[in-house]
Amino acid sequence: QKEVEQNSGPLSVPEGAIASLNCTYSDRGSQSFFWYRQYSGKSPELIMFIYSNGDKEDGRFTAQLNKASQYVSLLIRDSQPSDSATYLCAVIFTGGGNKLTFGTGTQLKVEL
Amino acid sequence: DTGVSQNPRHKITKRGQNVTFRCDPISEHNRLYWYRQTLGQGPEFLTYFQNEAQLEKSRLLSDRFSAERPKGSFSTLEIQRTEQGDSAMYLCASSLATLPYQETQYFGPGTRLLVL
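Please read all numbers here as calculations on a predicted model, not as lab measurements.

Enquirer: Lay out the overall build of chain B in plain terms, naming residues and giving numbers.
Expert: When helices and strands are counted, chain B shows zero helices and eleven strands. Ordering the α and β elements of chain B from the N terminus gives β-β-β-β-β-β-β-β-β-β-β. A compact globule built from 116 residues should have a C-alpha radius of gyration of about 13 Å, and chain B, at 14 Å, falls within 12% of that. Taken over the C-alpha atoms alone, chain B extends approximately 40 × 30 × 25 Å along its principal axes. The 116 residues of chain B split such that 47% are buried. Across chain B, the fraction of contacts at a sequence separation of at least 24, relative to all contacts at a separation of at least 6, is 53%. Element-wise, carbon and sulfur atoms account for 47% of the exposed surface of chain B, whose accessible area totals about 6000 Å².

Enquirer: Could you give an account of the sheet that holds strand S1 (residues 5–7) of chain B, with specific residues and numbers?
Expert: Residues and elements named next belong to chain B. Pairing in this open sheet of four strands is antiparallel, and the strands run S1-S3-S8-S7 from one edge to the other. Edge positions in the open sheet fall to S1 and strand S7 (65–68), since each of these has one partner strand only. Across this sheet, the average inter-strand angle for adjacent strands is 15°, counted without regard to direction. Pairing of strand S3 (residues 19–24) with strand S8 (residues 75–79), which is carried by five bridges, proceeds in the antiparallel orientation. Counterpart to Val19 in the pairing with S8 is Ile79.

Enquirer: Report on the sheet that holds strand S1 (residues 4–5) of chain A, specifying residues and quantitative values.
Expert: Residue and element names in this part refer to chain A. Read from one edge of the open sheet, five strands run S1-S3-S8-S7-S6, paired in antiparallel fashion. On the outer flanks of this sheet lie S1 and strand S6 (54–58), each paired with one strand and no other. One ladder, built from two bridges, connects S1 with strand S3 (residues 19–25); its direction is antiparallel. Looking at S3, one finds that Glu5 is bridged to Thr24.

Enquirer: Any details on the pattern of salt bridges? Residues and values, ideally.
Expert: Oppositely charged side chains can form a pair if their charged atoms are brought close together. Residue and element names in this part refer to chain B. Scanning the model with the defined rule gives nine salt bridges over all chains in all. Between Glu103 and Arg31 there is a salt bridge, with the nearest N and O atoms lying 2.2 Å from each other. Pair noted here: Glu103 is in the loop between strand S9 (88–95) and strand S10 (106–107) and Arg31 is in strand S4 (residues 31–37), with a separation of 72 residues, a long-range link. Judged by relative accessible area, which is 2%, Glu103 ranks as buried. Taking relative accessible area as the criterion, Arg31 reaches 11% and is therefore assigned buried. Where Arg64 meets Glu83, a salt bridge forms, and the shortest distance between an N and an O atom there is 3.4 Å.

Enquirer: Can you tell me about the side chain of B:Ser94, naming the residues and giving the values?
Expert: All names here are of chain B. Along the chain, Ser94 falls in strand S9. Overall, Ser94 belongs to the buried group, its relative accessible area being 0%. A polar contact of 3.4 Å, which involves the side chain of Ser94, links it to the backbone nitrogen of Ile26. Within polar-contact distance, the side chain of Ser94 engages the side chain of His29 at 2.7 Å. Those residues in contact with Ser94 that sit more than four places away from it in its chain are Val4, Pro25, Ile26, His29, Arg31, Leu32, Thr104, Gln105 and Tyr106.

Enquirer: Which residues make up the state of the cysteines, and what values do they have?
Expert: Residue and element names in this part refer to chain A. For the structure shown, the criterion picks out two disulfides over all chains. Linked covalently through their sulfurs, Cys23 and Cys89 form a disulfide whose S-S length is 2.1 Å. Taking the torsion about the S-S bond as the criterion, the Cys23 to Cys89 disulfide, at about -70°, is left-handed. Within this pair, whereas Cys23 is found in strand S3, its partner Cys89 is found in strand S9 (residues 85–92), the two being separated by 66 residues in sequence. One exposure class covers both Cys23 and Cys89, and it is buried.

Definitions and limits used
Every residue gets a number counted from 1 within its own chain, in the order that chain's sequence is written. Chain letters and ligand numbers both follow the written order, the letters beginning at A and the numbers at 1. Under the rules for a predicted model, residues below a pLDDT of 70 receive no local features and side-chain atom pairs below 80 are neither given nor counted, while totals for whole chains, interfaces and linings still include all residues. Values reported for side chains reflect all heavy atoms of the structure, with hydrogen atoms and water molecules removed beforehand. Comment: elements are numbered from the N terminus, with helices defined as DSSP H or I runs of at least four residues and strands as E runs of at least two. This radius of gyration counts C-alpha atoms alone. The globule rule is 2.2 Å times how many residues there are, raised to the power 0.38. Residue burial is assigned from relative accessible area. The probe radius is 1.4 Å, only protein chains are included, and a residue is buried under 20% of its type maximum, exposed over 50%, and partly exposed in between. Every residue pair with non-hydrogen atoms within 4.5 Å of one another is taken to be in contact. Values of accessible area rely on a 1.4 Å probe in the Shrake-Rupley scheme; residue burial ignores everything except the protein chains shown. At least two bridges found by DSSP between two strands are what make those strands a pair. Axes, fitted as lines to C-alpha atoms, cover a helix only where it is in contact. Angles between the N-to-C directions of the axes lie from 0 to 180 degrees. Whenever Lys or Arg places a side-chain nitrogen within 4 Å of a carboxyl oxygen from Asp or Glu, that contact is recorded as a salt bridge. Pairing of N or O atoms within 3.5 Å defines a polar contact, subject to two protein rules: one partner must be a possible hydrogen donor and the other a possible acceptor, and residues neighboring in sequence count only if both atoms are side-chain atoms. Throughout, disulfides are identified as pairs of cysteine sulfur atoms within 2.5 Å of each other.

What follows is the structure, given as structure tokens:
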């Protein structure tokens, strides 16, 4: 069974620090990787997607993909209290249609 | 672009009753997905449509569940003879299929179902 693994946290970081969120996946041939943010009681909101090895930056967010090691990470620079949420990693597995397979999410708490 | 919308936002029902949820995707999107999310878990795939064709159904989707997208626009998800285990957030997402595996799915606000 194809799986996505995340540490459930909570991950606590002080305001202004860098938050690092990690995700591993089971299928080496996977193609597409996504990070969603989900506030309590709300639906997932797309933050970033990445398809190729390396880094992709968008504002304060950087996604890093290493297909050989089968992990994808999300860095949040200058963390703000409003970044406190659950961050969901999702993968489109090769041969699995186009559905997203999600991890259980990592809860991030940014403390004042 | 008004985003993905879902109705109702909340539904409380008694065990054994039937419920139906509606999803309106982003207007130009040709793919529509249904997911279910329970507390502390990530969303789990249920089914998806490309235009009006239902292309895949999860094993999670028992015969009490049925989904339609009759004209390739909005979709409905019906649960018959609800059980307490059906209590969850039901999420709809839509996307525009472009390159293989390279599509981004945008989620609606969800319908929270509570079965008493």
